[in-house]
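Descriptive structure summary
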Amino acid sequence: MNKKDFIIGLFSGIAMALIGTILFIILFTDLPFRESYLAIKSNNHLGKVITLGTILDLILFAFLLKKNKESMAKGVIAAVLLLTFFTLII
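These figures come from a predicted structure and were not determined experimentally.

Conventions used here
Residues numbered from 1 in each chain as written. Predicted model: local features only at pLDDT ≥ 70, side-chain atom pairs only at ≥ 80, totals over all residues. Heavy atoms only, no water. Core = buried A, V, L, I, M, F, W, Y, C linked by side-chain atoms within 4.5 Å. Buried < 20%, exposed > 50% of the residue type's maximum accessible area, 1.4 Å probe, protein only. Helix = DSSP H or I, 4+ residues; strand = E, 2+ residues; numbered from the N terminus. Axes fitted to C-alpha atoms, helices over the stretch in contact; angles between N-to-C directions. Parallel < 35°, antiparallel > 145°, perpendicular 65-115°, else oblique. Contact = heavy atoms within 4.5 Å. Nonpolar A, V, L, I, M, F, W, Y, C, P; charged D, E, K, R; others polar. 1 Å grid on protein atoms, 1.4 Å probe; cavity = no way out; pocket = protein on both sides within 12 Å on 5 of 7 lines; lining within 4 Å. Points joined across faces, edges and corners; volume = space filled by probe spheres on them.

**As for the nonpolar core**
- Judged by nonpolar contacts, Ala17, Ile25, Ile40, Leu46, Val49, Ile50 and Leu83 together constitute the single largest core of 7 residues.
- Residue assignment for this core shows that the elements contributing at least two residues are α1 (3–28) and α3 (46–53).
- Ranked by residue count, the leading element in this core is α3, at 3 residues.
- Counting 5 residues, the second-largest nonpolar core is a separate cluster that includes Leu60, Leu64, Met72 and Ala73.

Below you can see the structure in the form of structure tokens.
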């Protein structure tokens, strides 16, 4: 396993989940971003929103497998597992 590709996949997976979370908040809430984030956090729904944001990781994973970048795809899986543990903590 190429460690450089794995790390790139790990950071790409985290970045895609962050982008997905931000897009979810922007597209599905009526309030400005900061107020929506604070409302979601105060209602203890942040873990659920992060989980919905990781849907983009599925698309990234499929793309990497199609391009035969298995090491990067393993990094994306590791990112999803990391985010899973993070959402369990919060």
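**With respect to the packing of α1 against helix α2 (residues 33–42)**
- For the pair α1 and α2, the least separation of the axes is 10 Å and the interaxial angle reads 105°. Considering their axes alone, α1 and α2 lie roughly perpendicular with respect to each other. Facing Ile22, Ile25 and Ile26 of α1, the residues of α2 in contact are Phe33, Ser36 and Ile40.
- Of the residues assigned to the contact of α1 with α2, the class counts are 5 nonpolar, 1 polar and no charged.

**Details of the layout of surface pockets**
- Its volume calculated, the largest pocket comes out at about 210 Å³.
- Along the walls of the largest pocket sit Ile14, Ala17, Leu18, Thr21, Ile22, Ile25, Phe33, Tyr37, Leu46, Ile50 and Leu83, which together make up its complete lining.
- The set of elements that each furnish at least two residues to the lining of the largest pocket consists of α1, α2 and α3.
- It is α1 that provides the largest number of residues to the lining of the largest pocket, a total of 6 residues.
- Per-class residue counts for the lining of the largest pocket are 10 nonpolar, 1 polar and no charged.

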